[in-house]
Amino acid sequence: MENNFADEVPTKIKIKKTYEIYESYLTVIMQNIEGILQKNIKLSSQPTYKARIKSFSSYYKKLLRIKPHEAAQSDRLVSLTDMIGIRIICTFLEDLSVVLDELKPLFEIKEIERKGASQSFNEFGYESIHLLVGIPPVCVPGTDTFPDMELPPDAVCEIQIRTILQDAWAEVEHELIYKSEFSPFDLPLRRKLASMNASLSLADIIFQEIRDYQKKLQGEMEERRKSFYEKADDLDSIKPEVEYSESEKIERITPYVKGTIDDMLLDAIHAHNEGDLEKAVKIYTQIIESKPEPDNVVLSVIHKHRGMAYFARSEYEKSLDDFKASAELDPHNFRSLYYEGIVFSILKENKKAIECFTESLQLNEYQSHAFFRRAMAYYDEKEYQKSMQDITAAQKLGLNNDACTTLHKKLMIQFDMNM
């Protein structure tokens, strides 16, 4: 009986020697898989990656626990599901499902597990999405580099998808619980761990809510900016400055704090976009009169939005007052100066428009539309050489719409006439 048992005991020295032979081979495979991920995973906030080959110590312990007989009898590497591990660490909860969808076409998915999804609120295990994927043949190095190497047929790579906070908790939990012989059975300590886990989970949820809020606000602002440019273009009888793709309808979301300035601003911009300009102006005015803290940047933004609302109502003098106030409150606000220049252009006060466009370009010299607008103003003032310089700058910066082409042709005619 003792001899039979000895035959079933894996020889650690032999297993270690085999493992060390394969270690660099597996490392190359891991790096190739990570390269595929970095090339194909596309998020607005790119994830970070952690990759590792399981250490021999961890490998041997797990081998004794789950595959001792196979390890004792095999002369080749015995594969474990987590020998190659890559972690994709995302910023927001919404990124997790995006990454999962982008992974599916890239690999043969063997298994998907959502760790922690079934835990009750008083448990403190980490949450994570774990995938087991087949090793793509393209990731396996050739025999010219690794002769006599053969990948086990059941070899897989474990890919984990987590948020930053989920990963932080998992790292701490691994040290406190998984790697320790002592587990916190004491009730007060378990409660503390559960509370900490809940706090991190709540933080993830709040971060996502704020992210959703920002997306909603940004969507409303883009619609508002689009309507502003469209009116300016109609009054100037030129083509729209920017080609807008038809954006998806953004559903109304519940603001994370009702009654805050952010919430009021979102309501105002939404009303603005829906054509309820009276309501929009009223809310903008309420925010301005509340003198929001901590600095003038917030007031600058609100004045800019109210100025655009006044512009939509054809109240150009009020619009100018707000754009001027916005630029004074925030000396770096090149857009308010640009909008001010547009209003002066509409009022045919070209010299003042040129001054505003020039100030705006001094703050940000890569504004193709500001060059274009100033070129138009110069043309109306019969300063054709300056107009040509500006239209050329606008085109170099990528603005090549029909209005640019038309103005360029007009300038060429003027140059031909004066030669």
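Notes on the structure follow.

This paragraph deals with the pairing of strand β2 (residues 84-90). Taken residue by residue, a regular strand's side chains alternate between the two faces of the sheet. Among the seven residues that make up β2, seven are buried, leaving the element largely enclosed by the rest of the structure. What you see with β2 is no split at all: I84, I86, I88 and C90 on one side and G85, R87 and I89 on the other are buried throughout. Bridge analysis of strand β1 (residues 48-53) against β2 gives six bridges, and the strand direction is antiparallel. Among the inter-strand pairings, R52 is bridged to a residue of β2, identified as G85. As judged from the seven bridges shared by β2 and strand β5 (residues 156-163), these two strands associate in the parallel manner.

Our focus in this paragraph is the sheet that holds β5. Spatially, five strands are ordered β1-β2-β5-β4-β3 in an open sheet, and the strand pairing comes out mixed. Strand pairing shows two members of the sheet lacking a second neighbour, β1 and β3 (109-115), which therefore form its edges. The average angle at which neighbouring strand axes cross in this sheet is 15°, direction not considered. Packed onto the sheet, helix α2 (residues 12-40) meets β1, β2 and β5 and runs at close to 165° relative to β1.

All right, on to the pattern of salt bridges then. Oppositely charged side chains may form a pair once their charged atoms are brought near each other. Applying the stated criterion across every chain yields a total of 18 salt bridges. For D322, the salt bridge is made with R306, and the minimal N-O distance between the two is 2.7 Å. One end of the pair, D322, is in helix α11 (residues 316-329); the other, R306, is in helix α10 (residues 296-312), and 16 residues separate them in sequence.

Reading guide: rules and limits
- Residues numbered from 1 in each chain as written.
- Predicted model: local features only at pLDDT ≥ 70, side-chain atom pairs only at ≥ 80, totals over all residues.
- Heavy atoms only, no water.
- Buried < 20%, exposed > 50% of the residue type's maximum accessible area, 1.4 Å probe, protein only.
- Helix = DSSP H or I, 4+ residues; strand = E, 2+ residues; numbered from the N terminus.
- Pairing = 2+ DSSP bridges.
- Axes fitted to C-alpha atoms, helices over the stretch in contact; angles between N-to-C directions.
- Contact = heavy atoms within 4.5 Å.
- Salt bridge = Lys/Arg side-chain N within 4 Å of Asp/Glu carboxyl O.

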